[in-house]
Every structure is written in C-alpha cells, then in structure tokens.
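Observations on the model geometry
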Amino acid sequence: MSFTALVVDKDEAGTVTQTIQTMDDSRLPDGDVVVDVAYSTLNYKDGLCITGKGGLVRTFPHVPGIDFAGVVSQSSDSRYKAGDPVILTGWRVGEAWWGGYATKACVKADWLVPMPDGMTAQHAMAIGTAGLTSMIAIMALEDHGLTPEKGEVLVTGAAGGVGSVAVSILSHLGYEVAAVTGRPETADYLKGLGASTIIPREELTEENKRPLESERWAGTVDAVGGEMLARVLKQTKTSGSVAAIGLAGGAAVPSFTVVPFLLRGVNLLGIDSVTCPYERRVAAWKRLVTEMPLDRLEPMIEEHALSDLPALGPAILKGQVKGRALINIKSAAS
C-alpha cells in the first residue's frame, strides 16, 4: 500500500526542496490511528515548514501540514474505529511529526477529536487551526465577561486566516467589530464578513509612550503582538480583555506597561490552541458548526491542490494569502 505526499527535504548545502512523492505505507510514523486525509489547510506555520524556515522542522525528509480532516482507516485505540470522521490540529503535527499534506497520516489517538455532527472534512479544514484558535479566543473573552452590550470588539490582523474567522464569528454573535488591516484593498472583504469599522494598521503601530489612552475596546482578538498589542492594551476599557493569539508584528512589546492592568483591571489572555485540552477543543468544534457555518466561510475560501503548496508556502510568509487556503488532498490521488 502507498500514499502520496508533499515531501520537504534539505541537502547538505542547506538547499530546501519540495516534491510530490508516492511512498510505501511503511514510511508512515508509528502512531495509533491511520487516517485517510481528505482536506488540509494552510497556516503561517505551514509556510515556515514548507520553506524550511523558522527551525520548526528539525528532521528531513519531512511531510508538513499542521491540520487535517478525514476518515479513520485503521486504529489500535478503542476510541476510534475504521470509518470514523476525525479532525486533527496542533500537537506539533506537521512540525515534529509527519502531517496532513498527504493522502494518509498516522498519529496518536490523543491528538484527534471526533468530527462533530453537521460538519464535513471540507468545512472543518476551511475552519482549521485558524478558526479553532479564533473560537477558543472568543470563548476566553466570554469567560472573562465579554458580551455584545459591553461595546466594540477589535480584531487585529483581520484579513488573515485567524482574523477573518474571528471577524465572522463575532459579527454572527452580535458584536460590533472593528477590523485592523494593513491592506486597504481588503476593506470590502472584511465588511462582507461583518466588520463595521476598518482601521488602518498604521493607526496602532506607532509607538505611544503614554501609560494609558482613551478607553475604546471591550475586547480584542490580537493576532499581531508587538507595539500594536501595547497600544490595544492601553485603549481597552475597564475590566476588558485582550486574547493574544499571534505575533505577526513581533514578540517584543516596546512600550509595554502594567498600568492598564493596575488602573483598569484589563486582562491579557494567552491563547494556546496547540495543546488545548481535549474537552475545550470538543466544545469549540461543536460551537463552530453553528457559529461558523460553511456558507459564512465561502467568501474567505480559496481551494488548492497539493501541488500548489510549494508556491503557497512563501506566499503566506509574505502576507499574500487572504482568508483561508483550503487544500484538497484527494486531488493528489486523482
């Protein structure tokens, strides 16, 4: 038996290559469950793994793909049986473990979640890690008191995968959403997802050394980090919260101050979707069935084949991929 995969390799000179290869099943990692993969997706981490950048992949040759959805074909774990539809996100699959850019994947049962009723593999991967992270972030904001009546909610990096889904879910839940983007051409796209206000990125990236600014945001889903995170914290309303889910603008926060925490009771919530507990993942996926239905995802989806990934990897690192890139793995076997 064999499978088809995108294989990333690095030679002794450090040159990284990407090729579509057919390999024997014996090459699969030693896991509990074998899944026939139907769809995967493209995230920033995938771009790093495809291009060999960032140090995420330590062992070559390697099969990237941090997300996948499909159907179990073999299982040595009693929780799953052949025919079960499943989803995998996180757990360093696609980085330290061969991932979803292949027609078959072999993983540990602990890393999987059952696909919820009413969801398909295509729907699940149109959501992917980006959408799951958005949902977990919104759940955390809700846990800390956020409701639509509290006021405007900000989404930074709004035209990216996480941001696009966050804008759509928040608007669906009745929030007034302000979307930050550095790409003016995405304004109509973001308004179509439900954003009521478009904020140019430069308004929030200039360093401001004041410890506080005027209160505006009841909550924020922040995919940018860096100076923008500092500015957002200073503008957050009393008892408001910021869910930090990314660092596209950098890990350092130059004008960071604890004053918003001390004088306004602002909460900074760290969101980790990679090792998020099973129960929290299942709850998030169940909510995504109704709060991020496929028809709401359609404006942000572009479907691609496995063979498109060598070009898509560098593109997402340059910020040239809008919304959700859906990878049809089945096309590799056709």
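Residues numbered from 1 in each chain as written. Predicted model: local features only at pLDDT ≥ 70, side-chain atom pairs only at ≥ 80, totals over all residues. Heavy atoms only, no water.

Observations regarding the overall build of the chain
Inclusion rule: Put simply, DSSP H or I for four residues or longer makes a helix, DSSP E for two residues or longer makes a strand, and each gets a number counted from the N terminus. Throughout, the radius of gyration refers to the C-alpha atoms, and the reference size of a globule is 2.2 Å times the residue count to the power 0.38. We call a residue buried when its accessible area falls under 20% of the maximum for its residue type, exposed when it is over 50%, and partly exposed in between, using a 1.4 Å probe and counting protein chains only. Residue burial considers only the protein chains on display, and all accessible areas are found by Shrake-Rupley using a 1.4 Å probe. By the counting scheme adopted, Arg and Lys are positive, Glu and Asp are negative, and His together with the chain ends is not counted. Taken as the charge centre is NZ of Lys, CZ of Arg, CG of Asp or CD of Glu, depending on the residue.
Scanning the chain from N- to C-terminus turns up 10 helices and 15 strands. Relative to the 2.2 N^0.38 estimate, which gives 20 Å for 334 residues, the radius of gyration of the chain is 20 Å and therefore close to what a compact globule would have. With the principal axes as the frame, the chain shows a C-alpha extent of 65 × 45 × 35 Å. The buried share of the chain, taken over its 334 residues, is 55%. Working note: accessible area of the chain is about 13,800 Å², and carbon and sulfur atoms make up 51% of it. Of the charged side chains in the chain, 30 are positive and 38 negative, and the gap between their average positions amounts to 4 Å.

Details of the nonpolar core
Rules: Each nonpolar core is a collection of buried residues, namely Ala, Val, Leu, Ile, Met, Phe, Trp, Tyr and Cys, held together in the definition by side-chain atoms within 4.5 Å. We call two residues contacting when some pair of their heavy atoms lies within 4.5 Å.
The biggest cluster of nonpolar side chains holds 55 residues, and the ones touching the most others in it are M119, V221, W285 and L288. Going through the elements one at a time, β3 (33–41), α2 (121–143), β8 (153–155), α3 (161–172), β9 (177–181), α4 (187–193), β11 (217–222) and α8 (278–291) are the ones with two or more residues in this core. Top contributing element to this core by residue count: α2, with 14 residues. What M119 contacts, discounting residues up to four positions off in sequence, is I87, A124, I127, W285, L288 and V289.

Concerning helix α6 (residues 226–235)
Burial runs high along α6: 10 of the 10 residues are buried. Of the residues making up α6, those classed as buried are G226, E227, M228, L229, A230, R231, V232, L233, K234 and Q235.

Some details on empty space enclosed by the protein
Cut-off, in case you're wondering: Lining residues are those with an atom within 4 Å of a point, where the points come from a 1 Å grid over the protein atoms alone and group into cavities, where a 1.4 Å probe fits but cannot get out, or pockets, open sets with protein on both sides within 12 Å along at least five of seven lines. Grid points are joined across faces, edges and corners, and a volume is the space filled by probe spheres set on the points. Only Asp, Glu, Lys and Arg are considered charged in this grouping, and only Ala, Val, Leu, Ile, Met, Phe, Trp, Tyr, Cys and Pro are considered nonpolar; every other residue, Gly among them, is considered polar.
Taken as a whole, this structure holds 1 cavity of 30 Å³ or more when the rule is applied. By volume, the largest cavity amounts to about 40 Å³. As for the largest cavity, its lining consists of L28, P29, V63, W98, G99, A102, K104, A105 and C106. Tallied by class, the residues present in the lining of the largest cavity amount to 7 nonpolar, 1 polar and 1 charged.

Description of unusual backbone geometry
A cis amide bond links F60 to the next residue, P61, at an omega of -5 degrees. By the element assignment, P61 lies in the loop between α1 (44–51) and β4 (67–75). Unusually for a residue other than glycine, W91 sits at a positive phi of about 60 degrees. Locating W91 in the fold gives a position in the loop between β5 (85–89) and β6 (104–107). The phi dihedral of R92 is positive, around 65 degrees, even though this residue is not glycine.

Observations concerning the pattern of salt bridges
So the rule is basically this: Salt bridges are defined as contacts in which a side-chain nitrogen from Lys or Arg sits within 4 Å of a carboxyl oxygen from Asp or Glu.
A full pass over the atoms with the stated rule returns 12 salt bridges. D110 is the salt-bridge partner of R79, the closest N and O atoms lying 2.7 Å from each other. With R79 in the loop between β4 and β5 and D110 in the loop between β6 and β7 (112–114), this pair connects stretches of sequence that are 31 residues apart. Here D143 and R280 are joined by a salt bridge, their closest N and O atoms 2.8 Å apart. Placement of D143 in helix α2 and of R280 in helix α8 is noted, with a sequence separation of 137 residues between them.

Concerning the environment of T290
Tracing the backbone shows T290 in helix α8. For T290, a relative accessible area of 52% gives the class exposed. C-alpha of T290 to C-alpha of G118: the two residues are 172 residues apart in sequence and 8.7 Å apart in space.

Observations regarding the sheet that holds β11
Just so we agree on the cut-off: Strands are treated as partners if at least two bridges between them are detected by DSSP. Every angle, taken between N-to-C directions, lies between 0 and 180 degrees, and every axis is a line fitted to C-alpha atoms, over only the stretch in contact when it is a helix.
Taken in spatial order, the 6 strands make up an open sheet running β10-β9-β8-β11-β12-β13, and their pairing is parallel. If you trace the sheet from one side to the other, it starts and ends with β10 (197–200) and β13 (267–270), each paired once. Each strand of the sheet is rotated relative to its neighbour by a mean of 20 degrees, with strand direction disregarded. Both β9 and β10 contribute to a ladder of 4 bridges, which runs parallel. Each bridged residue has a counterpart across the sheet, and for V180 the counterpart in β10 is I199.

Section: the pairing of β4
Note: β3 against β4, 6 bridges, orientation antiparallel. Paired with Y39 across the two strands is A69, which belongs to β4.

Some remarks on the side chain of D222
What counts, and what does not: Pairing of N or O atoms within 3.5 Å defines a polar contact, subject to two protein rules: one partner must be a possible hydrogen donor and the other a possible acceptor, and residues neighboring in sequence count only if both atoms are side-chain atoms.
Here D222 lies in strand β11. In this structure, D222 is buried with no salt-bridge partner, the nearest side chain bearing the opposite charge being R201 at 11 Å. Of the polar contacts made by the side chain of D222, one reaches the side chain of T156; its length is 2.6 Å. Non-local contacts of D222, meaning those with residues more than four positions away in its chain, are made with T156, L229, V242, A243, A244, I245 and G246.

Remarks on the pairing of strand β2 (residues 16–24)
Of the pairings in the sheet, the one linking strand β1 (residues 2–10) to β2 comprises 9 bridges and is antiparallel in character. Looking at β2, one finds that K10 is bridged to V16. Hairpin connection between β1 and β2: a loop of 5 residues separates the two successive antiparallel strands, and G14 in this loop has a positive phi of roughly 90 degrees.

Remember that the coordinates give geometry; whether it matters functionally is a separate question.
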